[in-house]
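One-letter residues, chain by chain:
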Amino acid sequence: MRNRVDTMLNMIAIYDRRAVWVAIGLVVLSASLYVYFLTASIIAVVERNQAERKIESLAGVVSGLESRYVDVGKRIDLSLAAEKGFHEVASPRYVSVGGDTTQGGLSLASDRP
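Each residue is numbered by its place in its chain's sequence as written, counting from 1. In view of the model being predicted, local features appear only for residues whose pLDDT reaches at least 70, and side-chain atom pairs are presented and counted only at 80 or more, with totals across whole chains, interfaces and linings using the full set of residues. Hydrogen atoms and water are omitted, and side-chain values are computed over all heavy atoms in the structure.

Caption draft 1: Region of the structure containing the overall build of the protein chain. Within the protein chain one finds two helices and two strands. Within the protein chain, the fraction of its 113 residues that count as buried is 3%. Computed with a 1.4 Å probe, the accessible areas rest on the Shrake-Rupley method; for each residue, only the protein chains presented here act as cover. As displayed, the protein chain has an accessible area near 10600 Å², and 64% of this comes from carbon and sulfur atoms. Only runs of H or I of at least four residues qualify as helices and only runs of E of at least two qualify as strands under DSSP, and these elements are numbered from the N terminus. Exposure classes here rest on a 1.4 Å probe applied to the protein chains alone. A residue is buried below 20% of its type maximum, exposed above 50%, and partly exposed in between.

Written as structure tokens, this is what we have:
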């Protein structure tokens, strides 16, 4: 009987050691995952801040380009077009998509506005 109790106590001790090692492993795993996710969050915040600064600088560039586009658009008129060699056409012909597919689907139409 005493032998049997000693055997059972030894088995419990083995299971207790296993339980302790499993608990230690879970703590180490949890700590590792915590550090990983904390680092990933910090990196994401830093990258977001850098992206916001880049967006701000690009918004300034886009604003400058839009202003330039408006200024250039104001300088274009019929006299500039004539100076560059453009002229008005008496009867314009328009290209429309569709129609005969043997010609690539394009057709000329001179009666469109």
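That covers the picture; the talk isn't over yet.
Caption draft 2: Highlighting a nonpolar patch on the surface. A cluster of nonpolar side chains, contributed by Val 22, Leu 26, Leu 29, Leu 33, Tyr 36 and Phe 37, occupies part of the molecular surface with about 630 Å² of accessible area. Topologically, Val 22 is positioned in helix 1 (residues 2-75). A residue counts toward a patch only above 30% relative accessible area and without a salt bridge, and it is joined to like-charged neighbours within 9 Å or, for Val, Leu, Ile, Met, Phe, Trp and Tyr, to nonpolar neighbours within 5 Å. When a carboxyl oxygen of Asp or Glu lies within 4 Å of a side-chain nitrogen of Lys or Arg, that pair is called a salt bridge.

Caption draft 3: Region of the structure containing the packing of aromatic side chains. Whether two aromatic rings pair depends on their centres lying within 6.5 Å, for rings of Phe, Tyr and Trp, where Trp uses its six-membered ring; planes under 30 degrees apart make the pair stacked, over 60 edge-to-face, and the rest tilted. Using the criterion set out here, one finds one aromatic pair in the structure. Between Tyr 36 and Phe 37, the aromatic rings sit 5.1 Å apart at their centres with planes inclined by 70°, giving edge-to-face as the arrangement.

Caption draft 4: Up close: the pattern of salt bridges. Taken as a whole, this structure holds one salt bridge when the rule is applied. Here Glu 52 makes a salt bridge to Arg 48, at a shortest N to O gap of 3.7 Å. With Glu 52 and Arg 48 both in helix 1 and four residues apart, the pair spans about one turn of that helix. Under the relative-accessibility criterion, Arg 48 is labelled partly exposed at 46%.

Caption draft 5: Geometry of the confidence of the model for the protein chain. Averaged over the protein chain, the pLDDT score is 84; the fraction of residues at 70 or greater is 82%. For the protein chain, the element scoring lowest by mean pLDDT is strand 2 (residues 106-109), at 55; helix 1 scores highest, at 90. The quantity known as pLDDT measures the predictor's confidence residue by residue, on a range of 0 to 100.

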